[in-house]
Amino acid sequence: MSERIRHPLFRDRITSAAEAAAAIRPGMTVAMSGFTGAGYPKAVPQALAARVEQANAAGERFRIKVLTGASTAPELDGALAKVEGMELRLPYQSDPAVRERINAGTLDYIDIHLSHVAQHAWFGFFGKLDVAVVEVAGIREDGSLVPSSSVGNNKTWLEQADKVILEVNSWQPAALDGMHDVYYGTALPPHRKPILLEHPDDRIGEPSLRVDPDKVVAVVETHAPDRNSAFSPPDEASRRIAGHLLDFLSHEIDRGRLTRGLLPLQSGVGNIANAVLGGLAEGGYQGLTAYTEVIQDGMLELLKNGTLRMASATSFSLSPAGIEEFNANVDFYRSRILLRPQEISNHPEVIRRLGCIAMNGMIEADIYGNVNSTHIAGSRIMNGIGGSGDFARNGYLSVFMSPSTARGGQVSGIVPMVSHVDHTEHDTMVLVTEQGLADLRGLAPRQRAKRVIETCAHPDFRPMLQDYFDRACRDGHGMHTPHLLGEALSWHQRMVETGSMRPAATG
Ligand code: 0RQ
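Residues numbered from 1 in each chain as written. Predicted model: local features only at pLDDT ≥ 70, side-chain atom pairs only at ≥ 80, totals over all residues. Heavy atoms only, no water.

Let's talk about the UniProt feature "domain: Acetyl-CoA hydrolase/transferase N-terminal" (unreviewed entry) in the chain
(1) Moving on: The positions UniProt marks with the feature "domain: Acetyl-CoA hydrolase/transferase N-terminal" (unreviewed entry) are residues 14-221.
(2) Moving on: The span residues 14-221 carries 25% helix and 19% strand; its end-to-end C-alpha distance comes to 7 Å. (UniProt positions renumbered as here; feature names shortened; annotations may be inferred. Helix = DSSP H or I, 4+ residues; strand = E, 2+ residues; numbered from the N terminus.)

Rendered as structure tokens:
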């Protein structure tokens, strides 16, 4: 395996995960690699969790602050959460054990735009980074690092942390070498320069990560797979959402607002986003590009059938079938996929310049177009805002999509007022449910409400929404964005109390 470690100095630092984890002490801020279940360290966090467990048994407190690129996996988030080893987590998670603790109030979580994380670290907003734990696919003769299946914030972690622990994972395909573009041109205000990325396939950086060898305290060899969770097969609702979106894109082409080449696609996480990508393949498009943050299975399919010419992202998020497909055809994908640091994959300047078509999932939207991507009933976190805000605010088009109901039809995805706001009405151009697509561009608030209720709401909830809106237009405090404030959040309260947004009499 040490052919992956081609620099003698790093070979000398090879050690066990347990010894490496000893560099991490209670109270430290530890920056780890990992983005949507790809490229996260697999051995050191588990060894650390074992140490935390020992400390717990001895009645000592051992908790650390954990920063990553985005979500990781049971071996990192799960292992540390289960032993109560984290006091703070940022910037994104999707792990059941972490979610449970955040919602129980025993783990603090800072949910921030993914493009902000690296610069906030540079600005000093997170304090000192004590240790970086970063998975790589190899170490070159010159001491530079071959990045793994995600780049995330690794450049920043390696530069900012006092000490570095590397995990060299031989499970990662050696052919990842050359797929990355690590930009080293960022500076701090007021010395920033334009980022000269004009096309999704432009290379503006280096294929590898730099690290100061003097900071590397341990190198741990691993051979372990990424998370690779399976996607649900596209259901009828997802297929209909994809259908509405495809009709909309054709309509935009007919109107001359898009060409058959579209614009670079961004597609969010989750089952719906994955299904929509599958639907795009049926639209007859060829030679498109993606400028996105995550490559899900759907995107591999689009690359394979030529719908996509290339895709730029910061990470993979593949199912077991997807990873098998990728590994079997790695040379094909190598020339078509570029992985960048998340501050570049999600950079507002670049997204605005390229004119991305941003397509993200949501928990709920309100009749005016405010979107909640993160919280159930305003209080319980699901995952996090991730990169959805980076793309929605800056894209050429911002689309949010969801089935019109959740929880077996008891909960409406369209509500009078969202219980938590991630994307304001100013950032939402298009809402899509299986019922239909509401194009909100150029509409004033009351026009938006009419359109959303008519096209997106489920027929079971449409009359209730219409009734709310009619009464708000009659009795509201103002007629720009009419609301009945005492009632606006009552649907959520009813769901908390009864499990359903339906009125008790019909529930
Ligand atoms: O719950 O998992 O218990 O069954 O939310 O919902 O319908 O399967 O949708 O997988 O597409 O995820 C917004 C969470 C959608 C995702 C969200 C419950 C529902 C189910 C999942 P179960 P679906 P998806 C860039 C983009 C934010 C980050 C982002 C997300 C679960 O898209 O995390 O966009 N987005 N990043 O039952 C109660 C409602 C509900 C509800 C859904 N109204 N009330 N429960 N659910 N709507 C990528 C990155 O940033 C990395």
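Alright, that's what it looks like, and here's the rest.
A few points about the UniProt feature "domain: Acetyl-CoA hydrolase/transferase C-terminal" (unreviewed entry) in the chain
(1) Moving on: When the UniProt feature table is mapped onto this chain numbering, "domain: Acetyl-CoA hydrolase/transferase C-terminal" (unreviewed entry) sits at residues 322-468.
(2) Moving on: The straight-line gap between the two end C-alpha atoms of residues 322-468 is 45 Å; of that span, 33% is helix and 24% is strand.

Side note on the pairing of strand β20 (residues 397-401)
(1) Moving on: Most of β20 sits out of view: 5 of its 5 residues are buried.
(2) Moving on: Residue alternation in β20 divides its side chains into two sets, L397, V399 and M401 and S398 and F400, and both sets are buried.
(3) Moving on: Relative to β20, strand β15 (residues 357-361) runs parallel, the two sharing 5 bridges. For G361, the partnering residue across the bridge sits in β20 and is M401.
(4) Moving on: Here β20 pairs with strand β24 (residues 430-433) via 3 bridges, running parallel. Of the residues in β24, the one forming a bridge with M401 is V432. (Buried < 20%, exposed > 50% of the residue type's maximum accessible area, 1.4 Å probe, protein only. Pairing = 2+ DSSP bridges.)

Overview of the side chain of S144
(1) Moving on: Turning to its location among the elements, S144 is positioned in the loop between β5 (131-139) and β6 (145-147).
(2) Moving on: A polar side-chain atom of S144 sits 2.7 Å from a polar atom in the side chain of D142.
(3) Moving on: Residues within four places of S144 in sequence aside, it is in contact with G138, I139, S208 and L209. (Polar contact = N/O pair within 3.5 Å; in protein donor to acceptor, adjacent residues only side chain to side chain. Contact = heavy atoms within 4.5 Å.)

Regarding helix α11 (residues 320-328)
(1) Moving on: Residues of α11 that are buried include every one of G322, I323 and F326, and no others. Down the axis of α11, the buried side of the element spans an arc of 95°, and every buried residue falls inside it. More than 90 degrees from the buried face of α11, the exposed residues found are A321, E324 and A328. (Arc of directions from axis to C-beta.)

A few points about the pattern of salt bridges
(1) Moving on: All chains considered together, the criterion is met by 25 salt bridges.
(2) Moving on: Residue E84 is joined to R101 by a salt bridge in which the shortest nitrogen-to-oxygen separation is 3.0 Å. Of this pair, E84 sits in the loop between α4 (74-82) and β3 (86-90) while R101 sits in helix α5 (residues 96-104); the two residues are 17 residues apart in sequence, bridging distant segments of the chain.
(3) Moving on: For R101, a relative accessible area of 13% puts it in the buried group.
(4) Moving on: The salt bridge partner of E454 is K450, with a shortest N-O separation of 3.1 Å. One end of the pair, E454, and the other, K450, are both in helix α16 (residues 445-455), 4 residues apart, so they sit about a helical turn from each other.
(5) Moving on: According to the relative accessible area criterion, K450 is partly exposed, its value standing at 46%. (Salt bridge = Lys/Arg side-chain N within 4 Å of Asp/Glu carboxyl O.)

Some points on unusual backbone geometry
Backbone geometry follows two general trends: most residues other than glycine have a negative phi, and most peptide bonds adopt the trans configuration.
(1) Moving on: Each neighbour pair has its own omega, and for L90 with P91 the value is 5°, a cis peptide bond.
(2) Moving on: Structurally, the position occupied by P91 is in the loop between β3 and α5.
(3) Moving on: The step from P189 to P190 runs through a cis peptide bond, and the omega angle for that step is 10°.
(4) Moving on: When you line up the elements, P190 lands in the loop between β7 (163-169) and β8 (216-222).
(5) Moving on: At E84, a residue that is not glycine, the phi angle is positive and equals roughly 55°.
(6) Moving on: Looking at E84, the relative accessible area reads 35%, which means it is partly exposed.
(7) Moving on: Of note in this structure, L262 is not a glycine but carries a positive phi near 50°.
(8) Moving on: Its location among the elements puts L262 in the loop between α8 (236-254) and β9 (265-267).

What to know about the confidence of the model for the chain
Predicted coordinates in regions of low pLDDT should not be interpreted in detail.
(1) Moving on: When pLDDT is averaged along the chain, the result is 95, and 99% of the positions lie at 70 or above.
(2) Moving on: Averaged pLDDT values over the elements of the chain bottom out at 79 in helix α9 (residues 271-281) and peak at 99 in strand β23 (residues 414-415).
(3) Moving on: Scoring the predicted complex yields pTM 0.96 and, for the interface, ipTM 0.97. (pLDDT = per-residue confidence, 0-100.)

Description of the packing of α8 against α9
(1) Moving on: Running from N to C, α8 and α9 point in directions that differ by 55°, and their axes come no closer than 8 Å. Between α8 and α9, the angle is such that the two are oblique. When you trace α8 past α9, the crossing you get is right-handed. For the pair formed by α8 and α9, the contact residues are S238, I241, A242, L245, L246 and L249 on the first element and I272, A275, V276, G279 and L280 on the second.
(2) Moving on: Each residue belonging to the contact of α8 with α9 can be placed in one class, and the counts come to 9 nonpolar, 2 polar and no charged. (Axes fitted to C-alpha atoms, helices over the stretch in contact; angles between N-to-C directions. Parallel < 35°, antiparallel > 145°, perpendicular 65-115°, else oblique. Left-handed = near helix turned anticlockwise from the far one by under 90°. Nonpolar A, V, L, I, M, F, W, Y, C, P; charged D, E, K, R; others polar.)

A word on the site of the ligand
(1) Moving on: Not every one of the 26 residues close to the ligand is listed here, only the nearest: E293, M382, N383, G384 and G387.
(2) Moving on: Contact distances for the ligand include 3.1 Å between a nitrogen atom and a backbone N or O atom of I363.
(3) Moving on: Side-chain polar atom of N383 to an oxygen atom of the ligand: 2.8 Å apart, as the coordinates give it.
(4) Moving on: Across the complex, the protein chains shield 78% of the 1000 Å² of accessible surface that the ligand would expose by itself.
(5) Moving on: Looking at the shell around the ligand, the elements with two or more residues in it are α9 and β15.
(6) Moving on: Partitioned by chemical class, the residues of the shell around the ligand number 12 nonpolar, 12 polar and 2 charged. (Near = heavy atom within 4 Å. Areas by Shrake-Rupley, 256 points an atom, 1.4 Å probe, with all protein chains shown as cover.)

Details of the sheet that holds strand β17 (residues 371-372)
(1) Moving on: Across the sheet, 3 strands lie side by side as β17-β16-β23; this open sheet has mixed pairing. The open sheet has two free edges, formed respectively by β17 and β23, since each of these has just one partner strand.

Comments concerning the packing of α4 against α5
(1) Moving on: Put simply, α4 and α5 touch, their axes get as near as 7 Å, and they point 45° apart. Classified by the interaxial angle, the pair formed by α4 and α5 is oblique. Here D77, G78, A81 and K82 of α4 come into contact with α5, specifically with A97, V98 and R101.
(2) Moving on: By residue class, the composition of the contact of α4 with α5 is 3 nonpolar, 1 polar and 3 charged.

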